[in-house]
There are 2 protein chains.
Amino acid sequence: MIVMTESRTGTESAPAGSRVLEPTYEGDFVLDRHLLLESGRTLASPTLHYAVYGRLNAARDNAVLVCHALTGSALVGSWWPEVFGPGAVLSLDHDFVICINMLGSCYGSTGPGSVNPETGQVYGPDFPLVSIRDNVRAQAQLLDSLGIRRLRLVLGGSIGGMQALEWAIHDPARVERALIIAVTPLSAMGLALNHLQRQAIQNDPDWAGGHYPPQRPPRQGLGLARQIGMLSYKSAALFDERFARNPNRNGEDPWGLDEQGGGLIGGRFDIAGYLDHQGERFIDRFDANTYLAILRTMDTWDPLNGHASPQEAFGSIRARLSFVGISSDWLFPAEAVRDFAAAIRSAGVQADYRLMTSSHGHDAFLAEQVELVRLLQ
Amino acid sequence: MIVMTESRTGTESAPAGSRVLEPTYEGDFVLDRHLLLESGRTLASPTLHYAVYGRLNAARDNAVLVCHALTGSALVGSWWPEVFGPGAVLSLDHDFVICINMLGSCYGSTGPGSVNPETGQVYGPDFPLVSIRDNVRAQAQLLDSLGIRRLRLVLGGSIGGMQALEWAIHDPARVERALIIAVTPLSAMGLALNHLQRQAIQNDPDWAGGHYPPQRPPRQGLGLARQIGMLSYKSAALFDERFARNPNRNGEDPWGLDEQGGGLIGGRFDIAGYLDHQGERFIDRFDANTYLAILRTMDTWDPLNGHASPQEAFGSIRARLSFVGISSDWLFPAEAVRDFAAAIRSAGVQADYRLMTSSHGHDAFLAEQVELVRLLQ
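Residues numbered from 1 in each chain as written. Chains lettered and ligands numbered in written order. Predicted model: local features only at pLDDT ≥ 70, side-chain atom pairs only at ≥ 80, totals over all residues. Heavy atoms only, no water.

Colleague: Got a minute to help me understand the overall build of chain A in this structure?
Modeller: Across its full length, chain A holds twelve helices and 14 strands. Taken over the C-alpha trace, chain A has a radius of gyration of 21 Å; the compact-globule value for 377 residues is 21 Å, and the two agree within 12%. Taken along its principal axes, the extent of the C-alpha atoms in chain A is 70 × 50 × 50 Å. Looking at chain A as a whole, 62% of its 377 residues are labelled buried. When contacts within chain A are restricted to residue pairs at least 6 apart in sequence, those whose partners lie at least 24 apart make up 72%. Summed over all atoms, the accessible surface of chain A reaches about 13800 Å², with 49% contributed by carbon and sulfur. (Helix = DSSP H or I, 4+ residues; strand = E, 2+ residues; numbered from the N terminus. Rg over C-alpha atoms; globule rule 2.2 N^0.38 Å. Buried < 20%, exposed > 50% of the residue type's maximum accessible area, 1.4 Å probe, protein only. Contact = heavy atoms within 4.5 Å. Areas by Shrake-Rupley, 256 points an atom, 1.4 Å probe, with all protein chains shown as cover.)

Colleague: Before we go on, may I ask you to explain the packing of aromatic side chains in this structure?
Modeller: Any two aromatic rings considered together are summarised by their centre-to-centre distance and by the angle between their planes. Applying the stated rule across the entire model yields 33 aromatic pairs over all chains. Judged by centre distance (6.1 Å) and plane angle (80°), the rings of Phe314 of chain A and Phe340 of chain A are edge-to-face. In this pair, Phe314 of chain A is assigned in helix 9 (residues 310-314) and Phe340 of chain A in helix 10 (residues 334-345), connecting sequence segments 26 residues apart. In this structure Phe314 of chain A comes out as buried when scored by relative accessible area, which is 0%. With a relative accessible area of 7%, Phe340 of chain A lands in the buried category. Summarising the aromatic geometry, the rings of Phe282 of chain B and Phe286 of chain B are spaced 5.0 Å apart at their centres and angled 20° between planes, so their arrangement reads as stacked. Put simply, the rings of Tyr107, Phe282, Phe286 and Tyr291 of chain A pair up and form one aromatic cluster. (Phe/Tyr/Trp six-rings, centres within 6.5 Å; stacked < 30°, edge-to-face > 60°.)

Colleague: What exactly am I supposed to notice about the sheet that holds strand 12 (residues 177-181) of chain A here?
Modeller: One key point about sheets: their strands pair by backbone hydrogen bonds, in either a parallel or an antiparallel sense. All names here are of chain A. The sheet built from eight strands is open, its strands ordered 3-6-8-7-11-12-13-14 with mixed pairing. Whereas interior strands pair on both sides, the edge strands pair on one side only; in this sheet they are strand 3 (25-30) and strand 14 (351-356). Between one strand and the next, the sheet's axes are offset by a mean angle of 20°, whatever the strand orientation. With four bridges joining them, strand 7 (residues 63-67) and strand 11 (residues 153-157) adopt parallel strand pairing. (Pairing = 2+ DSSP bridges. Axes fitted to C-alpha atoms, helices over the stretch in contact; angles between N-to-C directions.)

Colleague: Explain the relation of the copies chain A and chain B here, please?
Modeller: Each copy of the chain is related to the other by a rotation around an axis and a translation along that axis. Between the two copies, chain A and chain B, the superposition gives an RMSD of 0.0 Å; the rotation angle is 180° and the shift along the axis is 0.0 Å. The two molecules are tied by a two-fold rotation axis, judged by turn and shift. A shared interface surface links the copies, since 100% of the contact residues of chain A are contact residues in chain B too. (Least-squares fit on C-alpha atoms with pLDDT ≥ 70 in both.)

Colleague: Teacher, can you tell me more about helix 7 (residues 270-283) of chain A here?
Modeller: Think of an α-helix as turning once every 3.6 residues; residues three or four places apart then point the same way. Residue and element names in this part refer to chain A. Between the first and last C-alpha of helix 7 there are 20 Å, a value that for 14 residues agrees with the 20 Å anticipated at 1.5 Å per step. Burial of helix 7 is extensive: eleven of the 14 residues sit out of reach of the surface. For helix 7, the full list of buried residues reads Asp270, Ile271, Ala272, Gly273, Tyr274, Leu275, Asp276, Gln278, Gly279, Phe282 and Ile283. (Expected span 1.5 Å × (residues − 1).)

Colleague: Please explain the nonpolar core as it appears in this structure.
Modeller: Soluble globular proteins: nonpolar side chains tend toward being buried together. Counting 247 residues, the largest nonpolar core has Trp80 and Leu321 of chain A together with Trp80 and Leu321 of chain B as its most contacted members. Setting aside chain neighbours within four positions, we find Leu321 of chain A in contact with Leu165, Ala168, Ala178, Ile180, Ile344, Val349, Gln350, Ala351 and Asp352 of chain A. (Core = buried A, V, L, I, M, F, W, Y, C linked by side-chain atoms within 4.5 Å.)

Colleague: So what exactly am I meant to see when it comes to the packing of helix 4 (residues 188-203) of chain A against helix 7 (residues 270-283) of chain B here?
Modeller: Think of two packed helices as two axes; the pair is described by the angle between the axes and how far apart they sit. Viewed as axis vectors pointing N to C, helix 4 of chain A and helix 7 of chain B meet at an angle of 55°, and their least axial separation amounts to 8 Å. Comparing their axes, helix 7 of chain B and helix 4 of chain A come out oblique. Relative to helix 7 of chain B, helix 4 of chain A is oriented so that their crossing is right-handed. Residue-level contacts link Ala188, Leu191, Ala192, His195 and Gln199 of chain A of helix 4 of chain A to Ile271, Ala272, Leu275 and Asp276 of chain B of helix 7 of chain B. (Parallel < 35°, antiparallel > 145°, perpendicular 65-115°, else oblique. Left-handed = near helix turned anticlockwise from the far one by under 90°.)

Colleague: Please explain the interface of chain A and chain B as it appears in this structure.
Modeller: You'll often see interface size given as the accessible area lost when the parts meet. With 67 residues of chain A at the contact, the number on the chain B side is 67 residues. Taken together, the two surfaces of chain A and chain B that pack against each other cover about 5100 Å², and 64% of this comes from carbon and sulfur. Considering only the side of chain A, the residues that lose the most area to chain B are Arg245, Leu264 and Arg296 of chain A, jointly responsible for 16% of the buried surface there. Applying the counting rule to chain A against chain B returns two salt bridges. Residues Asp302 of chain B and Arg245 of chain A are paired through a salt bridge, measuring 3.4 Å at the closest nitrogen-oxygen approach. Our enumeration of links across chain A and chain B arrives at 28 residue pairs in polar contact (both at pLDDT 80 or more). At the level of secondary structure, the elements contributing two or more residues to the side of chain A that touches chain B comprise helix 4, helix 5 (219-233), helix 6 (236-242), helix 7 and helix 8 (288-299) of chain A. Tallying contributions element by element places helix 4 of chain A first for the side of chain A that touches chain B, with twelve residues. Grouping the constituent residues of the side of chain A that touches chain B by class yields 36 nonpolar, 19 polar and twelve charged. (Buried area = accessible area lost by both parts, 1.4 Å probe. Salt bridge = Lys/Arg side-chain N within 4 Å of Asp/Glu carboxyl O. Polar contact = N/O pair within 3.5 Å; in protein donor to acceptor, adjacent residues only side chain to side chain. Nonpolar A, V, L, I, M, F, W, Y, C, P; charged D, E, K, R; others polar.)

Colleague: What's the story with the confidence of the model for chain A in this structure? I'm lost.
Modeller: Taken over all residues, the pLDDT of chain A has a mean of 93, while the share at 70 or more is 94%. For this predicted complex, the interface confidence reaches an ipTM of 0.94, while the overall pTM sits at 0.95. (pLDDT = per-residue confidence, 0-100.)

Colleague: Explain the pattern of salt bridges here, please?
Modeller: Proximity of charged atoms lets side chains of opposite charge pair with each other. In the structure shown here, the tally under the stated rule is 36 salt bridges over all chains. Of the charged contacts, one joins Arg249 of chain B and Asp270 of chain B as a salt bridge, the two residues approaching to 2.7 Å between their closest N and O atoms. Of the two residues, Arg249 of chain B is situated in the loop between helix 6 (236-242) and helix 7 and Asp270 of chain B in helix 7; the sequence distance between them amounts to 21 residues. By relative accessible area, Asp270 of chain B is classed as buried at 4%. Salt bridges here are not isolated pairs; linked through shared partners, they connect Asp144, Asp171 and Arg174 of chain A.

Colleague: Can you help me understand the packing of helix 2 (residues 132-145) of chain B against helix 3 (residues 159-170) of chain B in this one?
Modeller: All names here are of chain B. Relative to each other, helix 2 and helix 3 sit at 70°, their axes nearing to 9 Å. Our classification of the angle between helix 2 and helix 3 gives roughly perpendicular. Of the two possible hands of crossing, helix 2 and helix 3 adopt the one that is right-handed. Residue-level inspection shows Ile132, Arg133, Val136, Arg137, Gln139, Ala140 and Leu143 of helix 2 in contact with helix 3, the latter providing Ile159, Met162, Gln163, Glu166, Trp167, Ile169 and His170. Here the contact of helix 2 with helix 3 is built from residues that sort into eight nonpolar, three polar and three charged.

Colleague: Explain the environment of Ala343 of chain B to me, please; I cannot follow it from the model alone.
Modeller: When you line up the elements, Ala343 of chain B lands in helix 10 (residues 334-345). Sequence spacing of Ala343 of chain B and Phe29 of chain B is 314 residues, and the spatial spacing of their C-alpha atoms is 36 Å.

Colleague: What should I look at first to understand the side chain of Asp287 of chain A in this one?
Modeller: All names here are of chain A. Tracing the sequence through the fold places Asp287 in the loop between helix 7 and helix 8. One buried charged side chain, Asp287, makes no salt bridge at all; its nearest oppositely charged neighbour is Arg219, positioned 11 Å away. Here Tyr212 takes part through its side chain, which lies 2.5 Å from a polar atom of the side chain of Asp287. Within the local environment of Asp287, its side chain forms a polar contact with the backbone nitrogen of Thr290, the two atoms lying 2.9 Å apart. (Lys, Arg positive; Asp, Glu negative; His and termini not counted.)

Colleague: I tried to follow the sheet that holds strand 3 (residues 25-30) of chain B on my own but got confused; where do I start?
Modeller: All names here are of chain B. Spatially, eight strands are ordered 3-6-8-7-11-12-13-14 in an open sheet, and the strand pairing comes out mixed. Lying at the two open borders of the sheet, with one neighbouring strand each, are strand 3 and strand 14 (351-356). Across the sheet, the axes of successive neighbouring strands diverge by a mean angle of 20°, strand direction being ignored. Where helix 2 meets the sheet, it contacts strand 3, strand 6 (47-53), strand 7 (63-67) and strand 8 (96-100), and its direction lies at approximately 55° from that of strand 6.

Colleague: How do you make sense of the state of the cysteines when you look at a structure like this?
Modeller: Simply put, disulfide is the name for a covalent bond between the sulfur atoms of two cysteines. Residues and elements named next belong to chain B. This model, assessed by the stated rule, comprises zero disulfides over all chains. We note that Cys99 lacks a disulfide partner, and the nearest cysteine sulfur, in Cys67, lies 7.1 Å from it. Residue Cys99 is classed as buried on the basis of its relative accessible area, which comes to 0%. Here Cys106 stays free of any disulfide, with the sulfur of Cys99 as its closest cysteine sulfur at 14 Å. (Disulfide = S-S within 2.5 Å.)

Colleague: Sorry, what's going on with the pairing of strand 7 of chain B here?
Modeller: Taken residue by residue, a regular strand's side chains alternate between the two faces of the sheet. Residue and element names in this part refer to chain B. Burial analysis of strand 7 places five of its five residues in the buried class, the great majority of the element. Both strand 7 and strand 8 contribute to a ladder of four bridges, which runs parallel. Opposite Leu65, over in strand 8, you have Ile98 as the bridge partner.

Right under this line is the structure:
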């Protein structure tokens, strides 16, 4: 059922006024054994929270897995509704769409805010590094339990694209096609941006080494981290178009005295008011330790790591891959996505590349869904 | 006298191993009256700290004014030594070079750490907004006192370029030529980056609303602000070339357990170790309130502000202007510098534009001085 709503709680932002799809089912899957992680640590019987849309057909060959981005949730119908539009990438008439919340998240899967069943204590800062591959291996157990042996398509943007590609590498027999949007292993600049976001949280005394009580999270630090992130998700051109050098729309005066009557701070420009607002909204929907956990999942992903060649890293892939670069993305520049696709192609893998022209920056795969769908048709 | 030295204390960084020029004279000039600021406030008899290199000739027509960037000092011979090289832009055989520390700075001119003579108290967060034009007007009084009626050249990069252009606007009869490097009024992205740096400082409890004691400054906040700044001064290509996805050179393991044995933070990548080092070095040489003061000076500069047209804003300029854009600068993109020069040219001003090709980003005018000099020959 398609419901018109303005609510975007708990998800990456869909365009304002977008339709939101309700899932057919939303629930938890608990792994019946320990998940041995790449780091050597284990997660005791972790929970995966997931949502499904549409119906699995009798042949069980219509399953599609959507992987969400950094601060997303399993509710793909809420944050990517246009991708289900008429004639779009996904169709609820034909597809059975699954979206699984990442481990480490605060939206239902086991994360730093969960209780470690082995100690009876909340994980907090002791939550282990869960790699992209660890996530894929856990997700595979959920698909096994649903009897899904074949995925018509795995897709995602940003860290969701990391998972989509890792699926094609890790489980080549299961994946028919993978669509990998606006992602490569993080560049040094990307690692730098994550390092700054991490410090913004760690510098907040309320972070308390990760042991903050739920009612007193590191609000300022998480808000600043989100603002740093927002810079990297948008583009300079978009900011100029929307905010230029205008004073904040609430009437503050950047050239006048500041609230304290002094002169070091001053009234905000419009871009600053916007970023502050984004930071404040985010604090109410996200958890600081989860942010740290997933940054690390993102930082450490590099399928070439430990391999001598692209052939060795990617040679097992059987799926057809499609990569999308976004023209104004400076977190994962389009040229880097194109080159990454070419490196994978050089390993004998079918991998095409398409350029999405947009001024929205990295976020375009969320902010301009209709354009994304058009590109993929 | 040219002295080989490794020291870069108190300045923007010159390339490692650069020569450092000692000034002919370094001293203070105290304005004998209040400086009325554009904001309507006043600074009581502010001090300008300055350095000169070479000798003023009898005709007093060989003066050159160099304007420093955000965290620079009057000691231009320390941070821009190659610009005085043989056959370079400046020559101590012919030029009398003056560099004046900006108001708001912590390197000798009156700033937030100075005592307000009217109250006997340190300014702290009450230090007023001193605009680029306010700086130029104060500097003009110093030049008057030295009997300098004519400037052969005014030049600077970044916020130094803002001052150079403002000199040509404000005092058209005095300026023969202005060289404006890697600068335009800040874009929305630039304002956003400054907003994040400001918050990094304000979020530090040790900032104490700007009333921190000198022995307990907001170290973490200032260090994070510097790191955010460093990102905008460098380029993604340079970071990839220098740091790639390498683990920190001290042997930390990004894929392993972190120091606390948990999993949320992890060992650093090399780029993170570099940024931390930059932050730590900066804390020892700079003041947080000064950083806030000069960010605001930078934010509020827009010579078009309050004018109906480029003709009205720039029409009075008599100097020949040269603009330099840096190919990898994303804080002040080369295309924006080129367009800014074109807008000024459209007001009937002589203004040429040159592109410096460099992977060093905004910092190239400091990091690649030999290349800059070659471009300007």
